Amino acid sequence: MDAIGLFGGTFDPVHIGHLRTAVELREALGLKRVLLVPSARPPHRAPPRASAAQRFAMLAAAIGDEPGLVADDRELRRDGPSYTIDTLAELRAELGSDVALCLCLGMDALAGLASWHRWREFTDLAHLVVVARPGWQAPASGPVAEWLAARWVRHPAALQAAAHGRALLRELTLLPVSSSQVRADLAAGRSVRYLVPDAALAYLHRHQLYTAADRGHGQDSP
Ligand code: ATP
């Protein structure tokens, strides 16, 4: 059956690490589309520096017309905290029951999963694809480990044999770039050329985002 990926984040701002992850996941898992979904109001971290609309605009500009990657603004169109369970439920309702839906998470996110709203229900709606990150191990015990124990599969093909309910671990190229480093560079007046795609860079310069003078919406503001 067809498979669709969901890759969430704050994208404050988008950088080449995000885009490479989406492209590699799409190829490795044979996904028809990867939806990149900016969190409007992330429940688990300080408010992002740029507004949700600005983060979405940068993401959409960065993706451009890359086949199979889609900037998805559904979390901007909801009120309240941006819970992943609500996004999964919306997507499942749209896709029907004959499409595999893959929620892609970094190993860092998996470590904190037990604090996410209604996390045990994620596999009722989607598969979990965990991206290995240096310095992070899958939890060996505890509620998340127990929940995943019977769900692990080794081969991506197993994800397309069911619509939800399985878990896969993938190693991808991890480029040494983060949004926090990009923000720090911009605030210090350093170049982020080639770390942030040109179209997103043009947007953030045009709107004077992340400069020392831009107090932004949340974190990093003095
Ligand atoms: P920040 O530095 O503000 O925490 P970030 O760079 O980690 O931001 P997010 O938008 O918070 O970016 O991350 C969204 C998703 O992208 C997460 O699943 C995260 O694991 C993944 N990700 C972030 N940086 C990279 C990278 N360099 N390579 C691959 N994946 C990445």
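If you're wondering where the values come from, they're calculated on a predicted model, not measured in any experiment.

### Let's talk about the overall build of the protein chain
Helix and strand counts for the protein chain come out as eight helices and six strands. Helices and strands in the protein chain line up, N terminus first, as β-α-β-α-β-α-β-α-α-β-α-β-α-α. Taken against the 2.2 N^0.38 rule, which gives 17 Å for 222 residues, the C-alpha radius of gyration of the protein chain at 17 Å falls within 12% of a compact globule. Its C-alpha atoms give the protein chain principal-axis dimensions of roughly 50 × 35 × 35 Å. At a minimum sequence separation of 6, the contacts of the protein chain that also span at least 24 residues come to 74%. A total accessible area of about 10,500 Å² is found for the protein chain, and carbon and sulfur atoms account for 51% of it. Each charge class in the protein chain can be summarised by its mean position, and for the 24 positive and 23 negative side chains these summaries are 2 Å apart.

### Let's talk about the side chain of R55
Relative to the elements of secondary structure, R55 occurs in helix 2 (residues 52–63). The charged side chain of R55 is buried without a salt bridge, its nearest counter-charge being D12 at 4.6 Å. In this structure, R55 is in contact with T10, F11, D12, P38, S39, A40, P48 and A50, ignoring residues within four places of it in sequence.

### Considering the pattern of salt bridges
Two side chains with opposite charge may pair up if their charged atoms get near one another. One pass over the structure, following the stated rule, counts 11 salt bridges. Of the charged contacts in the structure, one is a salt bridge between D12 and R183, with a shortest N-O distance of 3.8 Å. Of this pair, D12 sits in the loop between strand 1 (3–9) and helix 1 (16–29) while R183 sits in helix 7 (residues 179–187), and the two are 171 residues apart along the sequence. The burial state of D12 is the same as that of R183; both residues are buried. A salt bridge links D198 to R193; the nearest nitrogen and oxygen atoms lie 3.0 Å apart. Here the salt bridges do not stand alone but share partners, grouping D72, R74, R78, E90 and E94 into one network.

### Focus: the site of the ligand
Taken together, 20 residues form the shell around the ligand, and within it R133, L175, V177, S179 and S180 come nearest. Those elements giving two or more residues to the shell around the ligand turn out to be strand 1, helix 1 and helix 7. Taken together, the residues that form the shell around the ligand break down as five nonpolar, 11 polar and four charged.

### Section: helix 8 (residues 198–206)
Among all positions of helix 8, only A200, L201, Y203 and L204 are buried. Projected down its long axis, helix 8 carries its buried residues within an arc of 160°, all on one side. Residues of helix 8 that are buried make contact with helix 2 and helix 7.

### Remarks on the pairing of strand 2 (residues 33–38)
Burial of strand 2 is extensive: five of the six residues sit out of reach of the surface. The pairing of strand 1 with strand 2 spans six bridges and is parallel. Across the sheet, residue I4 finds its bridge partner in strand 2, namely R33. Examined bridge by bridge, strand 2 and strand 3 (residues 69–71) share three bridges and lie parallel to one another. Paired with L36 across the bridge in strand 3 is A71.

### Quick notes on the packing of aromatic side chains
This structure, assessed with the given rule, holds three aromatic pairs. Summarising the aromatic geometry, the rings of F7 and F11 are spaced 6.0 Å apart at their centres and angled 65° between planes, so their arrangement reads as edge-to-face. Across this residue pair, the class does not change: F7 and F11 are buried. Between W116 and F122, the aromatic rings sit 6.1 Å apart at their centres with planes inclined by 65°, giving edge-to-face as the arrangement. The pair W116 / F122 is uniform in exposure class, with both members buried.

Basis of the calculations
Throughout this document, residue positions are counted from 1 along each chain, in the order its sequence is written. Per-residue local features of the predicted model are confined to residues with pLDDT of at least 70, and side-chain atom pairs are confined, for both listing and counting, to 80 or more; whole-chain, interface and lining totals are unaffected and use all residues. Side-chain metrics in this entry use all non-hydrogen atoms of the structure; hydrogen atoms and water are not considered. Helix and strand assignments follow DSSP, with helices taken as H or I runs no shorter than four residues and strands as E runs no shorter than two, numbered in order from the N terminus. Computation of the radius of gyration draws on C-alpha atoms, with the globule rule given as 2.2 Å multiplied by the number of residues to the power 0.38. The contact rule is simple, with two residues in contact once any of their heavy atoms fall within 4.5 Å. Residue exposure ignores everything except the shown protein chains as possible cover, and the areas themselves are Shrake-Rupley values with a 1.4 Å probe. In this charge count, Lys and Arg are treated as positive and Asp and Glu as negative; neither His nor the chain ends contribute. Taken as the charge location is NZ of Lys, CZ of Arg, CG of Asp or CD of Glu. Relative accessible area decides the class of each residue, using a 1.4 Å probe on protein chains only: under 20% of the type maximum gives buried, over 50% gives exposed, and in between gives partly exposed. What makes a salt bridge here is a side-chain nitrogen of Lys or Arg within 4 Å of a carboxyl oxygen of Asp or Glu, nothing more. Consider each residue's heavy atoms; a residue with any of them within 4 Å of a molecule or strand counts as near. All residues other than Ala, Val, Leu, Ile, Met, Phe, Trp, Tyr, Cys, Pro, Asp, Glu, Lys and Arg, Gly among them, are scored as polar; the first ten of these are nonpolar and the last four charged. It is the directions from the helix axis to the C-beta atoms whose arc is reported. Pairing between strands requires that DSSP locate at least two bridges from one strand to the other. When the centres of two rings from Phe, Tyr and Trp lie within 6.5 Å, Trp using its six-membered ring, the rings pair. Their planes under 30 degrees apart give stacked, over 60 give edge-to-face, and anything left gives tilted.

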